[in-house]
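The primary structure of each chain is shown beneath.
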2 protein chains.
Amino acid sequence: MGGDHAPAAVVAGATEALEESGNRFSIILVGQEEKIRKELAAHPRGVDCRVEDARDVIDMHDAATAALKTKKHSSISVGIMLHREGKADAFVSAGHTGAVLSASTLLLGRLKGIGRPTMGAMIPTETTPCLLVDAGTNIDCRPKHLFEFAVMGSVYVSSLLGKDNPRIGLLSIGEEDSKGNEVSLEAFRLLKQSTLNFVGNIEGGDILKGKVDVAVCDGFLGNILLKFGESLPAFFKTKFKAFAARNLFNTLIVLLARRGMRAIMEELDYQEHGGVPLLGVNGVSIIGHGRSTPKAIKNMIFRAEEMVMHRVHLQIQEAILKYI
Amino acid sequence: MGGDHAPAAVVAGATEALEESGNRFSIILVGQEEKIRKELAAHPRGVDCRVEDARDVIDMHDAATAALKTKKHSSISVGIMLHREGKADAFVSAGHTGAVLSASTLLLGRLKGIGRPTMGAMIPTETTPCLLVDAGTNIDCRPKHLFEFAVMGSVYVSSLLGKDNPRIGLLSIGEEDSKGNEVSLEAFRLLKQSTLNFVGNIEGGDILKGKVDVAVCDGFLGNILLKFGESLPAFFKTKFKAFAARNLFNTLIVLLARRGMRAIMEELDYQEHGGVPLLGVNGVSIIGHGRSTPKAIKNMIFRAEEMVMHRVHLQIQEAILKYI
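What comes next is a walk through the structure. Since the model is a prediction, treat every value here as computed from it, not as a measurement. (Residues numbered from 1 in each chain as written. Chains lettered and ligands numbered in written order. Predicted model: local features only at pLDDT ≥ 70, side-chain atom pairs only at ≥ 80, totals over all residues. Heavy atoms only, no water.)

### Notes on the pairing of strand 1 (residues 28-31) of chain A
Residues and elements named next belong to chain A. For the record, the criterion: A pair of strands is considered paired only if DSSP assigns at least 2 bridges between the two. Going along the chain from the N terminus, every DSSP run of H or I of four or more residues is numbered as a helix, and every run of E of two or more is numbered as a strand. Orient the strands so they point away from the viewer; a crossover is then right-handed if the path from the first strand over the helix to the second runs clockwise.
Strand direction decides the pairing type here: strand 1 and strand 2 (residues 50-53), joined by four bridges, are parallel. From the neighbouring strand, L29 faces strand 2, where its bridge partner is V51. Read from strand 1 through helix 2 (residues 33-40) to strand 2, the crossover connection turns out right-handed.

Set out below in structure tokens:
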């Protein structure tokens, strides 16, 4: 029931995922049964989906913690319970981010040694993508939280992107060891002592250069940086329009260049990639954007499958236990 | 003597400024006299510059505070003293940022009510430019420092860009009043109580939309955001090259579109605009990038002139006194 286009987009994405995967996995759709069945009727592959009824709907205006208490039978709570009870291997939602976050943390529990579960975001760079972590989940962080983000990010990137020994950078205001704010300087010390492939402080300009595979920061900075990046396509569109309007030659150029520009801009549209996992909980929970399209939902399901296959949460558990 | 291309670029920029301004102001060049005279010889307009000898040179590898103590006759200290003594109306440098910052604060003094002098950076947006303040001067900030940045930014933008009642936004992780980190939430309260044109919290994506004239944040975030933005031209260049390499048609498109792209990218090259003023000190001190070209130096001098004409530091003094 989560997301702006639910349940239509969710059902469409789920059936597409089944179709593309050729039944490698099965899907349980959780939510108001009659609405889901109605959508399923339109999809030939839909018959393979099980439906689990959940009457309550948490909408975007609800406060997360309050909603979880008053709406006990939301698709979020019911779905995560299925995962907790082992009836599902992973949970995927495009619903209320805060509610999915809270419910996942409460119902699945945090991994031992993890103070703050986190969500990262993949950012395109001049070379291979970089995981920005935390991307907005944890606002005020202590040094040990940044350290945890680095450990979780390292495991995630190495198992899902197949990068051995990912390069970890700590976002700061200069490359020298002495540069940083109070929290980052102490996090630097923790990272330096670890066995992670810590390359040291990185500057804001190093992300797009592809200098690291994981860029670590608190969620306040991560969220602002991410949203700044997401606003670039609109910014350039406006600038190109102004350029095109100047004369006929420019108009022609922009018309011709449009396809190429669109391809590059799509790379910047992080949401396209479809959902981000909540790392640090005892299970697999993927959270998608409220605007998720069927394609995004499909990608989220595939990501969930990968997370399960690579046992990412167990790997994180193992990695963090080295440091406690 | 400051900057990668000193004193050549500085002398060239100064003489260009004199030429363009038609003697509206005079310039005192501060530094090792024989080196400056040698450069001046190459510039016909150079004869109008006075030279003030300063033997010491603070280089980029010096620690700011230590260098100011051991190199008492640096062009930075000598130049700022000229301003302090009223022999110059403003000080401009492309030298060691930290040293200019410290010397300006120590020798000129902070304005009454200002805890932290600040430097902002103008960022292009879809509409009119936005001042991001602080841009890296103050790393760990308390709420009242963010409030001071807002007051100083508001005065700067209204006097120099002629914007009445500039819109002030506080960078945060959501627009709602309740969104933010510990420091920003308290800063929000201070801003809300003020007579500033405070539009509330803004998100990272609101900057390029042109939603505000002044975006307030601490220098840690400001620096990282700014450097992220500065890395965009290189990122897009790489992406365009890859796009062009795909086939002959693409190559042609990119060749044709190159000029337009360059114009748009130049807008993103914040440094082009030439130096930023240190706001909150009792005087006019403009700090430029180490890479400053003659054009950047010239722009810095013009900016200094404007700051003097508009008596920006006196206006800031008046504005902040309302709140203490």
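### Notes on the pattern of salt bridges
Let me state the cut-off plainly: Think of a salt bridge as a Lys or Arg side-chain nitrogen and an Asp or Glu carboxyl oxygen that are within 4 Å of each other. Burial classes follow relative accessibility: with a 1.4 Å probe on protein chains only, a residue under 20% of its type's maximum area counts as buried, one over 50% as exposed, and anything between as partly exposed.
Counted under the stated rule, the structure contains 34 salt bridges over all chains. Across the pair E203(A) and K227(B) runs a salt bridge whose closest N-O atoms are separated by 2.4 Å. In this pair, E203(A) sits in the loop between strand 7 (198-202) and helix 8 (206-209) while K227(B) sits in helix 9 (residues 219-230), so the two residues belong to two different chains. The exposure class assigned to K227(B) is partly exposed, which follows from its relative accessible area of 24%. Across the salt bridge formed by E33(B) and R37(B), the nearest N and O atoms sit 3.0 Å from each other. Residue E33(B) and its partner R37(B) are located together in helix 2 (residues 33-40), separated by four residues, close to a single helical turn. With relative accessibility at 27%, the residue E33(B) sits in the partly exposed group. When salt bridges that share partners are traced, they join E175(A), D206(A), K209(A) and K211(A) into one network.

### Considering the sheet that holds strand 4 (residues 118-123) of chain B
Hydrogen bonds between backbone atoms are what pair the strands of a sheet, whose relative direction is either parallel or antiparallel. Residues and elements named next belong to chain B. Under the convention used in this document: All axes are obtained by fitting lines to C-alpha atoms, using only the stretch in contact for helices, and the reported angles, taken between N-to-C directions, cover 0 to 180 degrees. Pairs of residues are marked as contacts when any of their non-hydrogen atoms sit within 4.5 Å.
Read across the sheet, eight strands follow the order 3-10-9-4-5-8-6-7 without closing on themselves; strand pairing throughout is mixed. Each edge of the open sheet carries a strand with a single partner, namely strand 3 (91-93) and strand 7 (198-202). Neighbouring strand axes in the sheet, compared pairwise and without regard to direction, differ in orientation by 30° on average. Strand direction decides the pairing type here: strand 4 and strand 9 (residues 276-279), joined by two bridges, are antiparallel. Paired with M119 across the two strands is L278, which belongs to strand 9. Sitting on the sheet, helix 6 (residues 143-160) touches strand 4, strand 5 (130-133), strand 6 (168-171), strand 8 (214-216) and strand 9, and the angle it makes with strand 8 is about 165°.

### Some thoughts on the packing of aromatic side chains
Here is the rule we go by: Between 30 and 60 degrees the pair is tilted, below 30 it is stacked and above 60 it is edge-to-face, where a pair is any two Phe, Tyr or Trp rings, Trp via its six-membered ring, whose centres lie within 6.5 Å.
In the structure shown here, the tally under the stated rule is twelve aromatic pairs over all chains. Taken together, a centroid distance of 5.2 Å and an interplanar angle of 70° make the contact between F188(A) and F198(A) edge-to-face. Note that F188(A) is positioned in helix 7 (residues 182-193) and F198(A) in strand 7, a separation of ten residues in sequence. In terms of burial, F188(A) and F198(A) fall into one category: buried. Grouped by ring-pair contacts, the aromatic residues F235(A), F236(A), F240(A), F235(B), F236(B) and F240(B) constitute a single cluster.

### Some points on the pairing of strand 4 (residues 118-123) of chain A
Residues and elements named next belong to chain A. For strand 4, the buried fraction is high: six of the six residues fall into the buried class. Of the two faces of strand 4, the one lined by T118, G120 and M122 and the one lined by M119, A121 and I123 are each fully buried. Judged from the four bridges that link them, strand 4 and strand 5 (residues 130-133) form a sheet pairing that is antiparallel. Bridging across to strand 5, I123 finds its partner in C130.

### Observations concerning unusual backbone geometry
Residues and elements named next belong to chain B. Here the bond from A6 into P7 is cis, since omega is -5°, no more than 30 degrees from zero. In this chain, V133 is followed by D134 through a cis amide linkage whose omega measures 10°. The residue D134 is located in the loop between strand 5 and helix 6 in this model. The phi angle at N23 is positive, at roughly 65°, despite the residue not being glycine. Mapped onto the fold, N23 is located in the loop between helix 1 (8-21) and strand 1 (28-31). You will see that N165, though not glycine, has its phi angle at about 50°, which is positive. With respect to the helices and strands, N165 occurs in the loop between helix 6 and strand 6. Look at N165 and you get exposed, because its relative accessible area is 52%.

### A short note on the interface of chain A and chain B
For clarity, the cut-off: Accessible area, probed at 1.4 Å, shrinks when two parts are joined; the buried area is that loss added up over both. Any pair of nitrogen or oxygen atoms within 3.5 Å is treated as a polar contact; in protein, a donor-acceptor pairing is required on top of that, and neighbouring residues in sequence qualify only through side-chain atoms on both sides. Amino acids are sorted into nonpolar (Ala, Val, Leu, Ile, Met, Phe, Trp, Tyr, Cys and Pro), charged (Asp, Glu, Lys and Arg) and polar (every other residue, Gly among them).
Counting residues at the interface gives 45 residues for chain A, matched by 45 residues for chain B. Interface area, chain A with chain B, both sides summed: about 4400 Å², of which 76% is carbon and sulfur. Inspection of the chain A/chain B interface yields eight residue pairs in polar contact (both at pLDDT 80 or more). The greatest single-element share of the side of chain A that touches chain B, amounting to ten residues, is contributed by helix 11 (residues 248-268) of chain A. Classifying every residue of the side of chain A that touches chain B gives 25 nonpolar, 13 polar and seven charged.

### Overview of the sheet that holds strand 5 of chain A
All names here are of chain A. Within the open sheet, the eight strands sit side by side as 3-10-9-4-5-8-6-7. Their pairing is mixed. Of all strands in the sheet, those with a lone pairing partner are strand 3 (91-93) and strand 7, marking the two edges. Shown here is a sheet whose adjacent strand axes are inclined to one another by a mean of 30°, direction ignored. Both strand 5 and strand 8 (residues 214-216) contribute to a ladder of three bridges, which runs parallel. Each bridged residue has a counterpart across the sheet, and for V133 the counterpart in strand 8 is V216.

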